[in-house]
Amino acid sequence: MSTLRRIDFHSHLMPGVDDGARDESLSAAALARFRAEGVGHVITTPHFLGSLTHMPDQLAARLAELDAGWAALQRVAGEGVVPPGEEPLVLSRGAEVMLDVPDPDLSDARLRLAGSAFVLVEFPGLQLPPLNAEYAIVALAQQGWRPVVAHPERYRNLDDGMSAIARFKEFGGLLQVNAGSLSGGYGQRAAVHAARLLAAGWVDYVSSDYHARGEPGVAAFVAQLEAMGAGEQAELLTVVNPARLLAGEDPLPVPPVRAGGESKQARPLWARLFGSR
Ligand SMILES: [Fe+2]
């Protein structure tokens, strides 16, 4: 069986198109790091402003830029050395669509994850809209798309009850937490919220949001959950549910990651996040 079982659908690997990989050599290094972490399928998601879909000229220019970035990334992947006995990494494209307007037109398949009905979305400035944040999620779902909210744990104005996130779930939004969040890669607040989302059983997927710097962090996240006795959840979040997304299927429910389920070794992490024993 392939050792490259994991599927990652949030990264910035196309050279020179956003704040991710700056050039082809960094794209190549990033692909090698994914492989080293057991990721066999990468759907890369350059930043894309949703409002461009209402401005034909700018839209054409941005899509041309992304097409060129995609061609460069595929070339780099084709030149990469595949270790003996291993399959080549599978690459697909998507976008991380910024909801700077609540009603982007997602009819172009290049804006969706591997051309599926699923689309990765984020809100501007790491702030949720103060009122009716779910409006855009509802509107996208009504058009038949499956919005996946990127890194909900990172929003700075998330209340402790995470009520806005609850409404996303209620109205058909899916949740992708970043692999590095739980270990504090995005600060203590994001770590606490990631832990709460996992404890609530609300997280559908975990992907890297890898910007071609440092490590993707998927393997570390899996190891962290395994140490907490949550290997089943890690498998659902990084293998099973992303594979279902690629097959056009809804994610399976992910059982809550219980604070009590962790090993002695992992207890300090959970205790630190919740400020308990
Ligand atoms: Fe991202």
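Per chain, residue numbering runs from 1 following the sequence as it is written. A pLDDT threshold of at least 70 governs which residues receive local features in this predicted model, and a stricter bar of 80 or more applies before side-chain atom pairs are shown or counted, although totals over entire chains, interfaces and linings include all residues. Side-chain measures were taken over the full set of non-hydrogen atoms in the model, leaving aside hydrogen atoms and water.

A. Region of the structure containing the sheet that holds strand E9 (residues 205-207). Any two strands are treated as partners once DSSP identifies two or more bridges connecting them. Helical segments are the DSSP runs of H or I of at least four residues, strand segments are the runs of E of at least two, and each set is numbered from the N terminus. Here we have six strands laid out as an open sheet, ordered E3-E5-E6-E7-E8-E9, and parallel in their pairing. In the strand order of this sheet, the two ends are held by strand E3 (47-49) and E9, each with one partner. Between one strand axis and the next, the sheet turns by 35° as a mean value, whatever way the strands run. In the sheet, strand E8 (residues 174-178) pairs with E9 via three bridges, with the strands oriented parallel. Paired with Val177 across the strands is Val206, a residue of E9. Interaxial angles span 0 to 180 degrees and are taken between N-to-C directions of axes, which are lines fitted to C-alpha atoms, for helices over the stretch in contact.

B. Summary view of the coordination of the iron ion. For Na, K and Ca the donor cutoff is 3.2 Å, while for all other metals N, O and S atoms must lie within 2.8 Å; water is not among the atoms, so some sites may look incomplete. Looking at the iron ion, the protein donor atoms are His10 (NE2), His12 (NE2), Glu96 (OE) and Asp209 (OD), and they sit 2.0 to 2.3 Å from it. Classification of the site at the iron ion as irregular follows from its four donor atoms and the range of 81 to 174° in their angles at the metal. Read N to C, the donor residues that coordinate the iron ion are spaced as H-x1-H-x83-E-x112-D. Pair noted here: His12 is in the loop between strand E1 (6-8) and helix H1 (24-36) and Asp209 is in the loop between E9 and helix H6 (218-227), with a separation of 197 residues, a long-range link. Angle rules define the geometry names used: all angles between 85 and 135 degrees makes four donors tetrahedral, while opposite donors over 155 degrees apart and all other angles between 65 and 115 make four donors square planar and six octahedral, leaving every other case irregular.

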